[in-house]
Amino acid sequence: MRKPCPGSSAGRRATPRRYLMCPPAHFKVTYSINPWMDPAKPVDVPLALAQWEDLRDRYRALGHTVEVLAPRPGLPDMVYAANGATVVDGRVLGARFAHPQREAEAAAHLEWFRAHGYADVHEPVHVNEGEGDFAVTTSYVLAGRGFRASPLSHGEAQEVFGRPVIGLDLVDPRFYHLDTALAVLDDRADDVMYYPGAFSSGSRDVLRRLFPDALVAEEADAVAFGLNSVSDGLHVLVPQGAVGLFGPLRERGYVPVAMDLSELLKGGGSVKCCTLELR
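Residues numbered from 1 in each chain as written. Predicted model: local features only at pLDDT ≥ 70, side-chain atom pairs only at ≥ 80, totals over all residues. Heavy atoms only, no water.

Draft legend 1. Broad picture of the pattern of salt bridges. A complete count under the given rule lists 23 salt bridges for this structure. Among the ionic pairs, R145 bridges to D169, the shortest N-O distance being 2.7 Å. Remark: D169 occurs in strand β8 (residues 165-169) and R145 occurs in strand β7 (residues 141-145); sequence separation between them is 24 residues. A residue is classified by how much of its surface remains accessible, and R145, at 23% relative accessible area, is partly exposed. A relative accessible area of 27% places D169 in the partly exposed class. For E219, the salt bridge is made with R174, and the minimal N-O distance between the two is 2.9 Å. (Salt bridge = Lys/Arg side-chain N within 4 Å of Asp/Glu carboxyl O. Helix = DSSP H or I, 4+ residues; strand = E, 2+ residues; numbered from the N terminus. Buried < 20%, exposed > 50% of the residue type's maximum accessible area, 1.4 Å probe, protein only.)

Draft legend 2. Representation of helix α3 (residues 152-161) within the structure. Every buried residue belonging to α3 is among S153, H154, E156, A157, V160 and F161, and all of these are buried. Viewed along the axis of α3, the buried residues span an arc of 160°, placing them on a single side of the element. Facing away from the buried side of α3, by more than 90 degrees, are the exposed residues L152 and E159. Close packing links the buried residues of α3 with β3 (85-88), β4 (91-94), β5 (121-122), β6 (134-136), β7 and β8. (Arc of directions from axis to C-beta. Contact = heavy atoms within 4.5 Å.)

Draft legend 3. Seen up close, the nonpolar core. Judged by nonpolar contacts, the single largest core of 35 residues is most densely connected at L142, L182, M193, Y194, F199, L245 and L249. Those elements that provide at least two residues to this core are β8, β9 (182-186), β10 (191-194), β11 (215-216), β13 (235-239) and α6 (246-251). If one sorts the elements of this core by residue count, β9 sits on top with 4 residues. Discounting residues that sit within four places of it in the chain, F199 has contacts with L168, D169, L170, V171, L178, A181, L182, Y194, R204 and L207. Among the nonpolar cores identified, the runner-up in size contains 23 residues, and Y31, L55, V230 and V257 belong to it. (Core = buried A, V, L, I, M, F, W, Y, C linked by side-chain atoms within 4.5 Å.)

This is how it looks when you write it as structure tokens:
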């Protein structure tokens, strides 16, 4: 099912990134707002914190900067920092969450950005859950819809960022956010990987047209959250269960780095969900 690799993998290089992360000090699963959440399964908070710290430390070891958003009691999903905003060219589009359990996270993120010198901060009118449903490349902002984000948020994002926004329809509830079904591998080269089964027929056609050389993932790697990965253009931090992605990534010149975030998977998130990029 995977497409052949592009002709050359030369020129891969990492670029320094800035990320915002929030430790899972209050992480637990007491409600279910996606198919992966089961309140009957206990959460080991010390283990979740250790796994989160390993991810943070791995970013720093690779030369990236990690800023930390202070967790707040009563907001167990704040660890999924990617959902709190989208940042492009220093412009911040905040989040408006679909479920009341997460509403207060939006204000916490906006407060952080304003306190850290971001002047161009926009409070959204329409529902969007940050980088959960917005993925950024040089040419496009890819925007998911179908389970969380309102289609109206796509036009709002285009006005804020001044970049073409491409709407993509998600049809499988297991992949309720775009960042569970698609990952940007090299934003400079518009290189992505995605799982076709998460998308409508028309959206699959759009992805094939825009990204003819994309790495196309198998279902087994998608359900292991392999598309919930983060790349710096060279290193790709991938959930360790997505074993089928490691070989194809290497063939394309990337360096896959296996990460264990098994406790955070209980809330329906992994590497990308825990990582908001500060562009």
